Amino acid sequence: MDKITNLKKRKMALLKMRLAQLQQKLEGYKPHAKQLLFHNLGAQCAERLFLAGNRCGKTYAGAYEMAMHLTGHYPNWWQGKRFLKPVSAWAASNTVESTRDILQMAYLGDASKGILGAIPKHLVNKVTFKRGASGCVDRVFVQHISGGVSALGFKSYDQGREKFQGTSRHFIHLDEEPEMRLYEECLLRTLDVAGHVILTMTPLKGMTDVCQHFLNDQGQEKQVVQASWDDANHLLADEKSRLRKSLRPHEVEAREKGIPSLGSGKVYPLMESDIVTQRFKVPDHFHKTFAVDFGWSNPTAVVWGAKDPDTGVIYIYDVYTACEKTPQQHAQIMQSKRVTTGVCDPAGLGANQADGQNLIEQYLRHGIHLTPADNQVEAGVMEVLEAMAEGRLKVMHHLEAWWQEFRLYRRSESGKILKKNDHLMDATRYLLTSGVFSQHHRFVQNRGKASWQTV
């Protein structure tokens, strides 16, 4: 009998321990690298966009962050925004049904299905439901670590902008893309309490006003994190392959990589898969050079390329951008790459009014040999596009700064290339049009002046 009693006690203890573990699911949240970056940016940014493919964990990242703010329970690794007092918050998605089936499930789970939500169940004080909408939660009241109670309201975009007017909110989580007017209404609700708005979405509508609001004007108060299936640790290779096969071609980049479709406005209308290559150590016998686009308040951007002498394929294998640094500081970075001859923005020929030296001469003093590149924009863009389309230009997958510019490099409605966030794209064009990879050119120096000459 004692053995049976002890066995029951052990089972009860294990059950209690398991329940405690389930209740502490919030503390067990382990974000992948892009989710962690998204959370950390909350320390400085009042507006954040998690632009990601389907199944990259964007909704859950938003739900778990909301749960932390509602409860005041932050894990040891947390470096993002903290609320020390109870918060008033909203969570919203496209429709009443999608809010219930996706957001509500992510936050509260479903006991009947054994699914746990991000908010620990033992901290939920009260739940109220919407009238006339089966199973749709209206508000959740959550115990905050300070002793007060936080309030979370569930909303949907189809209710209209007027339903988002009214009182202030400390934190708002929008899951999937709203109209710009509704987003602006949410932003207004947070201004007087120094609140935050986060948007987690897959860009299925292309380059909309909301996308442009974030992507064209990132700064200290507003940031974007992009994530693809390769960033999602839980997706296995065969599962990603199966998912790709199930998508239509024009959906792949949005649903896999979180890339807004630019349609006919895209400068390089190619799939990323057409030009991407895995990272590899560039062999010593490859011909290497680099291209520089000068800047100061705008970044100085450098692209390094290597040409396979056997196949003629050019690989972009490294990039660098930095603002408000001197030629000497940039030159130190270039020297560290062990490649000292390259091409540059022709603007480098302009003399500095202070000392009469142009940028090319200043770099030469620090061991970097530059010559002006061909700066015919449209002709250069066509040359780069042809190299990409013909498989003669490949870009390593880890160069995220390059890929972000590539994804947003586009034309206006009048057909002109938009001159914003395009410094690595300009450097890439210099790299391809300078002739430095051609067997008919060589680098020479004459009385301290560097140039590429036809041989």
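In this text the structure is predicted, and so the values were computed from the model without any measurement.

1. So, the sheet that holds strand E11 (residues 276–277)
- Pairing in this open sheet of seven strands is mixed, and the strands run E11-E17-E14-E13-E12-E15-E16 from one edge to the other. On the outer flanks of this sheet lie E11 and strand E16 (369–372), each paired with one strand and no other.
- Lying over the sheet, helix H9 (residues 327–336) contacts strand E12 (287–293), strand E13 (300–307) and strand E14 (314–322), oriented at roughly 20° with respect to E13.
- Where helix H12 (residues 400–408) meets the sheet, it contacts E11, E13, E14 and strand E17 (393–396), and its direction lies at approximately 125° from that of E17.

2. Considering empty space enclosed by the protein
- Applying the stated criterion across every chain yields a total of one cavity of 30 Å³ or more.
- Its boundaries defined by the atoms lining it, the largest cavity holds a volume of some 30 Å³.
- Val96, Thr99, Arg100, Gln104, Lys130, Cys136, Val137 and Phe154 are the residues that line the largest cavity.

3. Comments concerning unusual backbone geometry
- A positive phi angle is found at Glu176, which is not glycine, with a value near 80°.
- With respect to the helices and strands, Glu176 occurs in the loop between strand E8 (171–175) and helix H5 (180–191).
- A positive phi angle is found at Arg338, which is not glycine, with a value near 65°.
- As for its position among the elements, Arg338 is in the loop between H9 and strand E15 (341–344).
- A relative accessible area of 77% places Arg338 in the exposed class.

4. A word on the packing of aromatic side chains
- Scanning the model with the defined rule gives 19 aromatic pairs in all.
- Between Trp403 and Phe406, the aromatic rings sit 5.7 Å apart at their centres with planes inclined by 85°, giving edge-to-face as the arrangement. Taken as a pair, Trp403 and Phe406 lie in helix H12 at a separation of three residues, close to a single helical turn.
- For Trp403, a relative accessible area of 3% gives the class buried.
- Taking relative accessible area as the criterion, Phe406 reaches 1% and is therefore assigned buried.
- Chaining the aromatic ring pairs together yields one cluster made of Tyr29, Tyr60, Tyr64, Tyr74, Trp77 and Trp78.
- Between the NZ or CZ atom of Lys155 and the centre of the ring of Phe164, over which it lies, the distance is 5.7 Å.

5. Description of H9
- Taken as a whole, H9 has its buried residues at Pro327, His330, Ala331 and Met334. Down the axis of H9, the buried set is contained in an arc of 100°. They therefore lie on one face.
- Two residues or fewer after H9 comes Arg338, characterised by a positive phi angle close to 65°.

6. Points about the pairing of E14
- Most of E14 sits inside the fold, with eight of its nine residues counted as buried.
- Relative to E14, E13 runs antiparallel, the two being bridged by eight bridges. For Lys307, the partnering residue across the bridge sits in E14 and is Ile314.
- Counting the residues in the hairpin turn of E13 and E14 gives six residues, including Gly312, whose phi is positive at 80°.

Definitions and cut-offs
- Residues numbered from 1 in each chain as written.
- Predicted model: local features only at pLDDT ≥ 70, side-chain atom pairs only at ≥ 80, totals over all residues.
- Heavy atoms only, no water.
- Pairing = 2+ DSSP bridges.
- Helix = DSSP H or I, 4+ residues; strand = E, 2+ residues; numbered from the N terminus.
- Contact = heavy atoms within 4.5 Å.
- Axes fitted to C-alpha atoms, helices over the stretch in contact; angles between N-to-C directions.
- 1 Å grid on protein atoms, 1.4 Å probe; cavity = no way out; pocket = protein on both sides within 12 Å on 5 of 7 lines; lining within 4 Å.
- Points joined across faces, edges and corners; volume = space filled by probe spheres on them.
- Buried < 20%, exposed > 50% of the residue type's maximum accessible area, 1.4 Å probe, protein only.
- Phe/Tyr/Trp six-rings, centres within 6.5 Å; stacked < 30°, edge-to-face > 60°.
- Lys NZ or Arg CZ within 6 Å of the ring centre and 35° of its normal.
- Arc of directions from axis to C-beta.

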